[in-house]
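# Per-entry structural report
Now for the letters of each chain:
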Amino acid sequence: MIENEFESEVKEEIELKRPKMYKVLLLNDDYTSMEFVVSTLMNIFHKSEEDAYTIMLRIHNSGSGLCGVYTNEIAETKVAQVLNSAKKNKFPLRAVMEEE
Ligand code: TYC
């Protein structure tokens, strides 16, 4: 049907303009210091000290926590930055990304 074809073309155009978004989460572990996680949240995810502390505690208590939502490339970069910084500082901190 003409109307439906038109609608689906319009829908396709709208979907092309909205990229998939990805959550970046930090995972808890027993060895990374709380201070390092707070610094990571401030430096890489641009959180205030207060927000960073709240998010760190949530991760510590529940296993993981949302740090931000980004396009694929930015999310991949954030994950890589966390892993590089953790490795450099000899902490096993892990970050993962999940499609929203
Ligand atoms: N559980 C860690 C500790 O007790 C702190 C921590 C919090 C580690 C968040 C990782 O993503 C993390 N030192």
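Attention here is on the structure that accompanies the text. Since the model is a prediction, treat every value here as computed from it, not as a measurement.

### Focus: the overall build of the protein chain
For the protein chain, the count of helices and strands is four helices and three strands. Starting at the N terminus and ending at the C terminus, the protein chain contains elements arranged as α-β-α-α-β-α-β. For the protein chain, the proportion of its 100 residues judged to be buried stands at 28%. Sequence-distant contacts, at least 24 apart, represent 73% of the contacts inside the protein chain between residues at least 6 apart. Per element, the accessible surface of the protein chain, about 7,300 Å² overall, is 51% carbon and sulfur.

### Thoughts on the site of the ligand
Surrounding the ligand, one finds L27, N28, D29, T32, M34, V37, M56, I59, H60 and L93. Within the contact set of the ligand, an oxygen atom lies 2.8 Å away from a backbone nitrogen or oxygen of L27. Within the contact set of the ligand, a nitrogen atom lies 2.9 Å away from a side-chain nitrogen or oxygen of H60. Here the ligand loses 88% of its free accessible area of 350 Å² to cover by the protein chains. Of all the secondary structure elements, the ones that give two or more residues to the shell around the ligand are α2 (34-43) and α3 (49-62). With three residues, α3 is the largest single contributor of residues to the shell around the ligand. Across the shell around the ligand, the residue classes break down as six nonpolar, three polar and one charged.

What counts, and at which threshold
- Residues numbered from 1 in each chain as written.
- Predicted model: local features only at pLDDT ≥ 70, side-chain atom pairs only at ≥ 80, totals over all residues.
- Heavy atoms only, no water.
- Helix = DSSP H or I, 4+ residues; strand = E, 2+ residues; numbered from the N terminus.
- Buried < 20%, exposed > 50% of the residue type's maximum accessible area, 1.4 Å probe, protein only.
- Contact = heavy atoms within 4.5 Å.
- Areas by Shrake-Rupley, 256 points an atom, 1.4 Å probe, with all protein chains shown as cover.
- Near = heavy atom within 4 Å.
- Polar contact = N/O pair within 3.5 Å; in protein donor to acceptor, adjacent residues only side chain to side chain.
- Nonpolar A, V, L, I, M, F, W, Y, C, P; charged D, E, K, R; others polar.

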